[in-house]
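Summary of structural features
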Amino acid sequence: MHQQADPLAALRAATSEQHERLDSGLPLSGPAPDLHDYAAHLTMVRDWLAPLQPWLASFADGPQLVLPPVERLALIGADLNEPGMPPLRAPAPAHAWPRDASAAYRWGVCYVIEGSQLGGKVLYGKLAGTLAPHPLRYLKGSDAGPGPRWRAFMLALKEHVKSPDEIADACAGACAAFESILKLSLDSK
């Protein structure tokens, strides 16, 4: 009997080192993050997502059509414009994403985007009291939390990324997404 490969396990394995580097290098990973750290985090994520959203929307297939869109950039903008936030820095140069990327590659990129919301929920729990009264809209996300969306994403990922070639392509997309935000995290320090 042929056992189907698990794309989620492959993505986790392919990106575990990058994930660890990112978690320890985020502006909010210090011992006592403040609003300046949150602003640095938000501008880093804004600069990462700003080219990704239109790039993903330019395709007629793939993960961006499976789940309803989330206005992440609007949440980031609202948080950055809250009273008491430090002045915004200019956006970083945009990463160029491949125009001919396969759907599987884009599933890998979306794995990193969707997974970041799980980390955001953890950060929200850690920082909501400390950074009050700032609403931390981006970290909070939806009232339902990221769990239901993550479960729907995982099910769709397993449905759309099955073959060894597709899984390898998804891993390449996830690694590229991590590398692009890792570069921005270094630039934000």
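Placed above this text is the structure.
Residues numbered from 1 in each chain as written. Predicted model: local features only at pLDDT ≥ 70, side-chain atom pairs only at ≥ 80, totals over all residues. Heavy atoms only, no water.

Attention now moves to helix 1 (residues 7-25). With 19 residues, helix 1 extends 26 Å from end C-alpha to end C-alpha; this agrees with the ideal 27 Å at 1.5 Å per step. For helix 1, the principal kink sits at threonine 15 and spans about 55°. Along helix 1, the positions that sit buried rather than exposed are Pro7, Leu8, Leu11, Thr15, Gln18, Leu22 and Gly25. Here the buried face of helix 1 lies against helix 4 (103-127), helix 6 (147-160) and helix 7 (164-187). Its side-chain oxygen at 3.1 Å from the backbone nitrogen of leucine 8, aspartate 6 defines the N-terminal cap of helix 1. (Helix = DSSP H or I, 4+ residues; strand = E, 2+ residues; numbered from the N terminus. Expected span 1.5 Å × (residues − 1). Bend = angle between axes of the 7 residues up to and from the residue. Buried < 20%, exposed > 50% of the residue type's maximum accessible area, 1.4 Å probe, protein only. Contact = heavy atoms within 4.5 Å. Polar contact = N/O pair within 3.5 Å; in protein donor to acceptor, adjacent residues only side chain to side chain.)

The next subject is the packing of helix 2 (residues 35-57) against helix 4. It is at 12 Å that the axes of helix 2 and helix 4 come closest, and there the two elements cross at 150°. The orientation of helix 2 with respect to helix 4, classified from their angle, is roughly antiparallel. Helix 2 and helix 4 meet at a crossing whose hand is left-handed. Judged by residue contacts, His41, Trp48, Leu49, Leu52, Trp55 and Leu56 of helix 2 engage Tyr105, Arg106, Val109, Cys110, Val112, Ile113, Ser116 and Leu123 from helix 4. In terms of residue class, the contact of helix 2 with helix 4 is built from eleven nonpolar, two polar and one charged. (Axes fitted to C-alpha atoms, helices over the stretch in contact; angles between N-to-C directions. Parallel < 35°, antiparallel > 145°, perpendicular 65-115°, else oblique. Left-handed = near helix turned anticlockwise from the far one by under 90°. Nonpolar A, V, L, I, M, F, W, Y, C, P; charged D, E, K, R; others polar.)

The description of two aromatic rings rests on the distance between their centres and on the angle between their planes. Per the stated rule, a full pass over the model turns up six aromatic pairs. Aromatic pair tryptophan 55 and phenylalanine 59: ring centres 5.5 Å apart, planes at 85°, arrangement edge-to-face. Centroid distance tryptophan 107 to phenylalanine 153: 5.4 Å. Interplanar angle 40°. Geometry classified as tilted. Here tryptophan 107, found in helix 4, pairs with phenylalanine 153, found in helix 6; they are 46 residues apart in sequence, far enough to count as distant. Among the aromatic residues, ring-to-ring pairing joins Trp55, Phe59, Trp97 and Tyr105 into one connected group. Sitting above the plane of the phenylalanine 59 ring, arginine 106 keeps its charged end 3.8 Å from the centroid. (Phe/Tyr/Trp six-rings, centres within 6.5 Å; stacked < 30°, edge-to-face > 60°. Lys NZ or Arg CZ within 6 Å of the ring centre and 35° of its normal.)

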